[in-house]
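Spelled out from the first residue to the last, the chains are:
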Amino acid sequence: MARPIMIQGTMSNAGKSLLAAGLCRIFHQDGYRTAPFKSQNMALNSYITADGLEMGRAQAVQAEAAGILPETAMNPILLKPTSHTGSQVIVNGRVLGNYPASQYYKMKGQLIPHVLRAYESLASRFDIIVIEGAGSPAEINLRENDFVNMGLAKMVDAPVLLAGDIDRGGVFAQLYGTAALLSKEERQRIRGFIINKFRGDKELLRPGLSMLYERIPIPVAGVVPYMDIDLDDEDSLADRLSSTGKDCLDSNGNHAFAKIAVLRLPRISNFTDFHVLERLPGIALRYASRPEELLDADLILIPGTKNTMGDLKWMRENGLEAAVLRKAGQIPVMGICGGYQMLGETLTDPDGVEEGGEMRGMGLLPVSTRFSRKKTRSRVMGAAEVFGRPPVYGYEIHMGETVRTGGQAFCRIWPEFPASHEDQEFQTAGFKGNCLGENGRGASDFREDGCAKGRVFGTYLHGVFDSEEMQEALWNALARQKGILDQKEQWTAGAGPSFSLKEYKETQYEKLAQVLRENLDMEMIYRILERKDG
């Protein structure tokens, strides 16, 4: 059976996910078969596995860091908020239903067997399980039937590393206060503290570390600096959703010829779709929540959302819808998933999946959406018809069906998704040939997705920009729009207007592991893991 080690935090966004991903990569580098585990995740950025099941994206990132394929056993319970007081509950990758928080907490005891079966499945196949907690273990009002923090640590007998966020201030109070609120048995499970997101001179911390140890004899396993690591974000707390004030610069700090505005919807989901666009030379990407932030945009992207109807109402109330409609005839506007649904003519919800009833869409695409309780989940590959047919790949995850009555399809989808392509390497001639209708396949072998009319596009395909061919097609379209296509070399510096997402991720995982090795006491952590820390 695997040896577990658990990362808990003094609060949400203390850096648990990143620390767990880094430890997964370190253990993988050291030759151990390693898997991540988080019993319950609350996030709107989800991931679809090769077998069409849904899990939290943080655990998918951690699995990639460990060099393995993501599977739902790594995150058996996923909560996707639909309102301030309710969530869609997903168990073992499938929708159980929508529940208010009060009802969910009453049913938590029934979910414990699912959590333990998932954990035991991993523990029987791996050497080390890196477990991530949720929120804070000091939420003493939520102790009953706890299977996410100390309750889970007890069930699987896992030692705990407790991380505090010094960037927010009060880290000593965070660590001491969290430990003080735990029972004696729970406190004994904390084998080390981690001070995370530190900026400055570590020597200034030493007196505080000594005083902390005098008050509660738990050693500090490391002081981790604030890291410039670019991995997929788990939720809308991500720093990248905040305006940086560099709206005219690309990721290299150079002047950008084109500006992309992504609408920051209240229930924005799967905004990882746009991460690759941040890396393209000459492109500046920002998240916009006010109409005036669209004035100088060269492309508007409307992302996915967990509540299409509710977020469209929000856009109407704050003027964003009117701003998009004004720009739609001048520049390209593209919607993905919920954003695609918004661009249509009508949204109908007879079963009350979202808001209930029927509402008018933005009317920019000749499509209509009818919500239903059935959830579409699949990984797909195809070719984007309206961008010169570059290969595209990604996943669909949505409730209901959208019917097109005019325009043309955005892309054609290949009907098969071989599991061997899960690592997103789709560069073989066979893949491209099949996507483009070659190699003996006819048009009838493909299904259509999305809609395009004029300069307005919509698709259900998350990850549509991940292929290098699609990145280059979009870059060229924007360059033609701005009249600078003949200046291509000036912007690409010989590297081409695209980059390999897989290679980029690998460099980030390696960088993360190196930073943690330099700032964590890995000898102490291995002793904790092997129960040799006394």
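Scroll up for the structure.
What you see is a predicted model; the values in this text were computed from it and never measured. Counting restarts for each chain, with residues numbered from 1 along the sequence as it is written. With pLDDT at 70 or above as the cut-off, local features in this predicted model cover only qualifying residues; side-chain atom pairs require 80 or more to be listed or tallied, and sums for whole chains, interfaces and linings still use all residues. Side-chain measures here rest on the full set of heavy atoms in the structure, leaving out hydrogens and waters.

**Student:** For this particular structure, what's the right way to read the sheet that holds strand E16 (residues 299–302)?
**Tutor:** Two modes of strand pairing occur in sheets, parallel and antiparallel, and in both the strands are linked by backbone hydrogen bonds. Spatial strand order, E15-E13-E16-E18-E26-E25: six strands in an open sheet with mixed pairing. A strand with exactly one partner marks an edge of an open sheet, and here the two such strands are strand E15 (283–288) and strand E25 (451–453). The average undirected angle you get between the axes of adjacent strands in this sheet is 15°. Relative to strand E26 (residues 456–459), E25 runs antiparallel, the two being bridged by three bridges. When the sheet's bridge partners are listed, Lys-453 is paired in E26 with Val-456. Criterion used throughout: strands pair if DSSP finds at least two bridges between them. Numbering of helices and strands runs from the N terminus, with a helix taken as a DSSP run of H or I at least four residues long and a strand as a DSSP run of E at least two residues long. The axes are straight lines fitted to the C-alpha atoms, using for helices just the contacting stretch, and the angles between their N-to-C directions are given from 0 to 180°.

**Student:** What exactly am I supposed to notice about the packing of aromatic side chains here?
**Tutor:** For any pair of aromatic rings, the description consists of the separation of the ring centres together with the inter-plane angle of the planes. A pair of Phe, Tyr and Trp rings is counted when the ring centres sit within 6.5 Å of each other, with Trp represented by its six-membered ring. The angle between the planes then sorts it: under 30 degrees is stacked, over 60 is edge-to-face, the rest tilted. In the structure shown here, the tally under the stated rule is 10 aromatic pairs. Aromatic side chains Tyr-104 and Tyr-105 sit 5.6 Å apart centroid to centroid with 70° between the ring planes, which places their arrangement in the edge-to-face category. Relative accessibility under 20% of the residue-type maximum defines a buried residue, over 50% an exposed one, and the middle range a partly exposed one, all with a 1.4 Å probe and only protein chains included. Classification of Tyr-105 by relative accessible area gives partly exposed; the value is 38%. Aromatic side chains Tyr-340 and Tyr-460 sit 5.1 Å apart centroid to centroid with 80° between the ring planes, which places their arrangement in the edge-to-face category. Highlighted residues: Tyr-340 in helix H11 (residues 338–342) and Tyr-460 in the loop between E26 and helix H13 (468–482), separated in sequence by 120 residues. Residue class for Tyr-340 comes out buried when judged on its relative accessible area of 2%. Judged by its relative accessible area of 5%, Tyr-460 falls in the buried class. A network of ring pairs unites the aromatic residues Phe-27, Tyr-32 and Tyr-526 as a single cluster. By the criterion adopted, a ring carries a charge over it if an Arg CZ or a Lys NZ lies within 6 Å of its centre and within 35 degrees of its normal. Sitting over the ring of Tyr-226, Arg-199 keeps its end group 3.8 Å from the ring centre. Here Arg-412 stacks its cationic end above the ring of Phe-446, 4.9 Å away from the centre of that ring.

**Student:** Help me understand the pattern of salt bridges, please; the structure alone is not making it clear to me.
**Tutor:** Pairing is possible between side chains that carry opposite charge, provided their charged atoms lie close to one another. Here, a salt bridge means any Lys or Arg side-chain nitrogen found within 4 Å of an Asp or Glu carboxyl oxygen. Evaluated as defined, the whole model comprises 33 salt bridges. Across the pair Arg-3 and Glu-530 runs a salt bridge whose closest N-O atoms are separated by 3.7 Å. In this pair, Arg-3 sits in strand E1 (residues 3–9) while Glu-530 sits in the segment after helix H16 (522–529), placing the two residues 527 residues apart along the sequence. A relative accessible area of 26% means that Arg-3 is categorised as partly exposed. Of the residues examined, Glu-530 reaches a relative accessible area of 29% and is grouped as partly exposed. A salt bridge links Arg-199 to Asp-167; the nearest nitrogen and oxygen atoms lie 2.9 Å apart. Here Arg-199, found in the loop between strand E11 (190–198) and helix H7 (206–215), pairs with Asp-167, found in the loop between strand E10 (160–165) and helix H5 (171–181); they are 32 residues apart in sequence, far enough to count as distant. A relative accessible area of 36% places Asp-167 in the partly exposed class. Each of Arg-3, Glu-530 and Lys-532 takes part in one network of salt bridges that share partners.

**Student:** Even after reading the chapter, I still don't get the nonpolar core, so can you show me in this structure?
**Tutor:** A general feature of soluble globular proteins is that nonpolar side chains tend to end up buried together. Throughout this description, the term nonpolar core refers to a set of buried Ala, Val, Leu, Ile, Met, Phe, Trp, Tyr and Cys residues connected via side-chain atoms within 4.5 Å. Within the largest apolar cluster, 72 residues are counted, with the highest numbers of intra-cluster contacts made by Phe-274, Leu-277, Ile-302, Val-324 and Phe-465. Element by element, the count of residues in this core is highest for H13, at six residues. Throughout, a residue-residue contact means that at least one pair of heavy atoms, one from each residue, lies within 4.5 Å. When residues no more than four places from it in sequence are discounted, the contact partners of Phe-274 are Val-262, Leu-285, Tyr-287, Leu-301, Pro-303, Ile-336 and Phe-465. Core analysis: the second largest hydrophobic core is formed by 52 residues, Val-89, Val-115, Ala-123 and Phe-147 among them.

**Student:** Quick question: what am I supposed to make of the pairing of E10 here?
**Tutor:** Each regular strand shows side chains that alternate between the opposite faces of the sheet. Along E10, six of the six residues are buried, which leaves the element largely enclosed by surrounding structure. Neither face of E10 is open: one carries Val-160, Leu-162 and Gly-164, the other Leu-161, Ala-163 and Asp-165, and all of them are buried. Direction of pairing for E1 relative to E10: parallel, over a ladder of four bridges. Of the residues in E10, the one forming a bridge with Gln-8 is Leu-162.

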